[in-house]
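Residue strings, one per chain:
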Amino acid sequence: MPIEVLRFGVGHRRPDGPPGTTGINGRIIHSDERGVVSELAFARGARIEPHSNPNTTYFIVIEGGGWAAVGDERVRVAAGEAVVWPPDIDHAAWTEHSEMRAFVVEFAGWDLVERRGVLAGVARAAIPAEASAATRGEGRLAPRPIDPETIDRSSGEPL
């Protein structure tokens, strides 16, 4: 079976988001009965209006920063942070003076899992705990030369 490569990011986005969304482009990376994974790019002043859905959703900021809201609470978020949007509760995200990129991971509700006949399980250790101690690896990332001619400065992302 060949490796499936899914493209997202610059050149692969389209306007995205629920009704009332402005200034956001995105790309659905995966969608099926188990859930949805998508990438969103927020321009300055972009907004996802408050809305809800029946699924637990993770809003994972990978670049820049902005704001997220759940119910009546709001919080500033930045790269390296994730916000959990609980099911059936209004949530929103927006930027003011900066841009932001985020992955949205939405999991299907338990009712769907139960209808498919998936049984709850219990995990057990495959190896004894004393044998699983990790050791520090050695190495480094390979250098990646960047050609200044291929960088689109308006998006802040390399091409």
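These numbers come from a predicted model, not from an experiment.

It is worth spelling out the overall build of the chain at this point. Tallying secondary structure elements over the chain gives one helix and ten strands in all. In the chain, once contacts between residues fewer than 6 apart in sequence are set aside, the share between residues at least 24 apart is 61%. As displayed, the chain offers around 11,600 Å² of accessible surface, 55% of which is attributable to carbon and sulfur atoms.

Attention shifts here to unusual backbone geometry. For Asp88, which is not glycine, the phi torsion reads 60° and is therefore positive. Turning to its location among the elements, Asp88 is positioned in the loop between strand S6 (81-85) and strand S7 (91-94).

For the chain, per-residue confidence averages 77 on the pLDDT scale, and 60% of positions sit at 70 or higher. Considering only residues more than four positions removed or in separate chains, one finds that residues 111-123, a stretch of pLDDT under 50, has four contacts.

This part is about the packing of aromatic side chains. All told, the structure shown has four aromatic pairs when counted by the stated rule. Their ring planes at 85° and their centres at 5.9 Å tell us that Phe42 and Phe59 sit as a pair that is edge-to-face. Taken together, the residues span a long stretch of sequence, with Phe42 in strand S3 (residues 35-51) and Phe59 in strand S4 (residues 57-70) at a distance of 17 residues. On the basis of relative accessible area, Phe42 is assigned to the buried category, the value being 3%.

The grouping of Tyr58, Val84 and Phe107 at the surface amounts to a nonpolar patch, some 260 Å² of accessible area in total. Judged by its relative accessible area of 41%, Phe107 falls in the partly exposed class.

Looking now at the pairing of S4. Bridge count between S4 and S6: five bridges; the pairing is antiparallel. Each bridged residue has a counterpart across the sheet, and for Ile60 the counterpart in S6 is Ala82. Relative to strand S8 (residues 100-107), S4 runs antiparallel, the two being bridged by seven bridges. Bridge pairing in S8 places Glu63 opposite Arg101. Counting the residues in the hairpin turn of S4 and strand S5 (residues 73-78) gives two residues, including Gly71, whose phi is positive at 60°. Relative to S7, S4 runs antiparallel, the two being bridged by four bridges. When the sheet's bridge partners are listed, Val70 is paired in S7 with His91.

Here Glu106 lies in strand S8. Owing to a relative accessible area of 19%, Glu106 belongs among the buried residues under this scheme. Linking Glu106 and Asn55, residues 51 residues apart in sequence, is a C-alpha distance of 6.3 Å. Filtering out sequence-adjacent residues up to four positions away, Glu106 remains in contact with Arg34, Gly35, Val36, Asn53, Asn55, Thr56 and Thr57. Polar side-chain contacts of Glu106 include one of 2.8 Å to the side chain of Asn55.

Cut-off values and rules
Residues numbered from 1 in each chain as written. Predicted model: local features only at pLDDT ≥ 70, side-chain atom pairs only at ≥ 80, totals over all residues. Heavy atoms only, no water. Helix = DSSP H or I, 4+ residues; strand = E, 2+ residues; numbered from the N terminus. Contact = heavy atoms within 4.5 Å. Areas by Shrake-Rupley, 256 points an atom, 1.4 Å probe, with all protein chains shown as cover. pLDDT = per-residue confidence, 0-100. Phe/Tyr/Trp six-rings, centres within 6.5 Å; stacked < 30°, edge-to-face > 60°. Buried < 20%, exposed > 50% of the residue type's maximum accessible area, 1.4 Å probe, protein only. Patch = residues over 30% accessible without salt bridge, like charges linked within 9 Å, V, L, I, M, F, W, Y side chains within 5 Å. Salt bridge = Lys/Arg side-chain N within 4 Å of Asp/Glu carboxyl O. Pairing = 2+ DSSP bridges. Polar contact = N/O pair within 3.5 Å; in protein donor to acceptor, adjacent residues only side chain to side chain.

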